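Take a look at the letters that make up each chain.
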Amino acid sequence: MATALSQNLPDALKSIRTRPLFVLRLQVPPYYVVGATPGAFRRVGIVLGGLFEGERLSGEVLGGNDWQAVRNDGCTKLDVRIVLKATDGALIVMTYQALRHGPRDVMEKLDEGKPVDPASYYFRMNPLFETSAERYDWLNRIILGTGHRLPDGPVYSIFEVL
């Protein structure tokens, strides 16, 4: 049921428009499991490399890290920092936080490196970019992505929110 507040919203506030930016595939070997800490169950993944590909931006992932906190509610919070190298040599820092959660059996299969249907769990990210390359300056002001965890690392679809 629509409320007075939602009925009076301008069209620009009623939906989000996006445009595909690139697909990102990371190579991440098994995590280092730190274990239960006072804040959460911690694990750390080392991003060895990867690729990204899109109409406006493609290249390779030079490396990075993936700090994870498995919360008491079963949700995994990711804090990731990677360095991208565009095909023209421009360097781009990409950082993101993500949340991944779903039914316990699905999450256990993911943790065991078994394939699961990406529609069976929630995995969303909030990427931010930094670059000094003038050609890609527009990256410094965009955001949005969704992901899927494969046995050897995640794959993400990154969008520009218009």
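Below: a short report on this structure. These figures come from a predicted structure and were not determined experimentally.

Attention now goes to the pairing of strand β8 (residues 122-130). What you see with β8 is a clean split: Phe123, Met125, Pro127 and Phe129 sit on the buried side and Tyr122, Arg124, Asn126, Leu128 and Glu130 on the side with no burial. Across nine bridges, the pairing between strand β7 (residues 91-101) and β8 is antiparallel. Across the sheet, the residue bridging to alanine 98 is methionine 125, located in β8. Relative to strand β9 (residues 145-150), β8 runs antiparallel, the two sharing two bridges. Counted as the bridge partner of arginine 124 is threonine 146 from β9.

In this section: the environment of threonine 95. Note on placement: threonine 95 falls in strand β7. Taking the C-alpha atoms as reference points, threonine 95 and asparagine 126, separated by 31 residues in sequence, lie 8.3 Å from one another. Ignoring anything within four residues of it in the chain, the contact list for threonine 95 reads Val80, Arg81, Asn126, Pro127 and Leu128.

In terms of nonpolar packing, the biggest core is built from 34 residues, with Phe22, Leu24, Leu84, Met94 and Phe129 touching the most fellow members. Of all the secondary-structure elements, those providing two or more residues to this core are β1 (18-27), β6 (76-86), β7, α2 (104-111), β8 and β10 (153-161). Looking at which element gives the most residues to this core, the answer is β6, with five residues. In this structure, phenylalanine 22 is in contact with Phe52, Glu53, Gly54, Leu57, Leu84, Met94, Phe129, Tyr156, Ser157 and Ile158, ignoring residues within four places of it in sequence.

Moving on, we get to the packing of aromatic side chains. Summed over the entire model, instances satisfying the criterion amount to three aromatic pairs. Geometrically, the ring pair formed by phenylalanine 22 and phenylalanine 52 is tilted, given 5.1 Å between the ring centres and 50° between the ring planes. Here phenylalanine 22, found in strand β1, pairs with phenylalanine 52, found in strand β4 (residues 49-53); they are 30 residues apart in sequence, far enough to count as distant. Phenylalanine 22 sits in the buried class, given a relative accessible area of 3%. For the ring pair phenylalanine 22 and phenylalanine 129, a centre distance of 6.1 Å and an interplane angle of 75° mean the geometry is edge-to-face. Taken together, the positions of phenylalanine 22 in strand β1 and phenylalanine 129 in strand β8 put the pair 107 residues apart, joining distant regions of the chain. The structure contains a cluster of three or more aromatic residues connected by ring pairs, namely Phe22, Phe52 and Phe129. Against the face of tyrosine 122 rests arginine 124, its NZ or CZ located 4.9 Å from the ring centre.

Procedures and definitions
- Residues numbered from 1 in each chain as written.
- Predicted model: local features only at pLDDT ≥ 70, side-chain atom pairs only at ≥ 80, totals over all residues.
- Heavy atoms only, no water.
- Buried < 20%, exposed > 50% of the residue type's maximum accessible area, 1.4 Å probe, protein only.
- Helix = DSSP H or I, 4+ residues; strand = E, 2+ residues; numbered from the N terminus.
- Pairing = 2+ DSSP bridges.
- Contact = heavy atoms within 4.5 Å.
- Core = buried A, V, L, I, M, F, W, Y, C linked by side-chain atoms within 4.5 Å.
- Phe/Tyr/Trp six-rings, centres within 6.5 Å; stacked < 30°, edge-to-face > 60°.
- Lys NZ or Arg CZ within 6 Å of the ring centre and 35° of its normal.

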